[in-house]
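# Coordinate analysis (summary)
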Amino acid sequence: MGFENGDSKKGANLFKTRCAQCHTLKEGEGNKIGPNLHGLFGRKTGQVEGFSYTDANKSKGVTWDENSLFDYLENPKKYIPGTKMAFGGLKKAKDRNDLITFLKDETK
């Protein structure tokens, strides 16, 4: 099972409640506790300028797309052992689909 298009409005709400305390979306907004997510799709792990990543994140070498994000967001610490992202993950596939659908539009 992998990514399927979800509900962007529900994804926006998930982002606001679960992600926005650590991440920004728009170009030039800067990093917070987590890196800015602008340009996320097609970027490799650990590549945001000015953000201090763990070696685990830098060396993972995965390119972010719908499917890698789908797997990562289920359990970030399992997908990238050693990541400092303190997020337990979104266990429901529907939540991940909604969030990724939102991120695809909002990080361009």
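I will try to describe carefully the structure that is included in this document. Since we're looking at a predicted model, the values are computed, not measured. (Residues numbered from 1 in each chain as written. Predicted model: local features only at pLDDT ≥ 70, side-chain atom pairs only at ≥ 80, totals over all residues. Heavy atoms only, no water.)

## Side note on helix H5 (residues 93-106)
An ideal rise of 1.5 Å per residue puts 20 Å on 14 residues; H5 measures up with 20 Å between its terminal C-alpha atoms. Within the span of H5, buried status applies to Ala93, Arg96, Asn97, Asp98, Leu99, Ile100, Thr101, Phe102 and Leu103. (Helix = DSSP H or I, 4+ residues; strand = E, 2+ residues; numbered from the N terminus. Expected span 1.5 Å × (residues − 1). Buried < 20%, exposed > 50% of the residue type's maximum accessible area, 1.4 Å probe, protein only.)

## Points about the packing of helix H1 (residues 8-19) against H5
Here H1 crosses H5 at 95°, and the two axes come no closer than 7 Å. Here H5 runs roughly perpendicular to H1, going by the angle between their axes. Contact with H1, carried on its side by Ser8, Lys10, Gly11, Ala12, Leu14, Phe15 and Cys19, involves Lys94, Asp95, Asp98, Leu99, Thr101, Phe102, Leu103 and Asp105 of H5 and no other residues of that element. (Axes fitted to C-alpha atoms, helices over the stretch in contact; angles between N-to-C directions. Parallel < 35°, antiparallel > 145°, perpendicular 65-115°, else oblique. Contact = heavy atoms within 4.5 Å.)

## Considerations on helix H3 (residues 66-74)
All of the buried residues in H3 are Ser68, Leu69, Phe70, Tyr72 and Leu73. In the core, the buried residues of H3 are packed alongside helix H4 (76-79) and H5.

## Notes on the nonpolar core
Ranked by internal contacts, the top residues of the largest apolar core, which has 23 residues, are Phe15, Trp64, Tyr72, Leu99 and Leu103. Residue assignment for this core shows that the elements contributing at least two residues are H1, H3 and H5. Ranked by the residues each element gives to this core, the list is headed by H5, at five residues. Dropping the residues within four chain positions of it, Trp64 is found in contact with Leu40, Phe41, Gly42, Arg43, Lys44, Thr45, Leu69, Tyr72, Tyr79 and Ile80. (Core = buried A, V, L, I, M, F, W, Y, C linked by side-chain atoms within 4.5 Å.)

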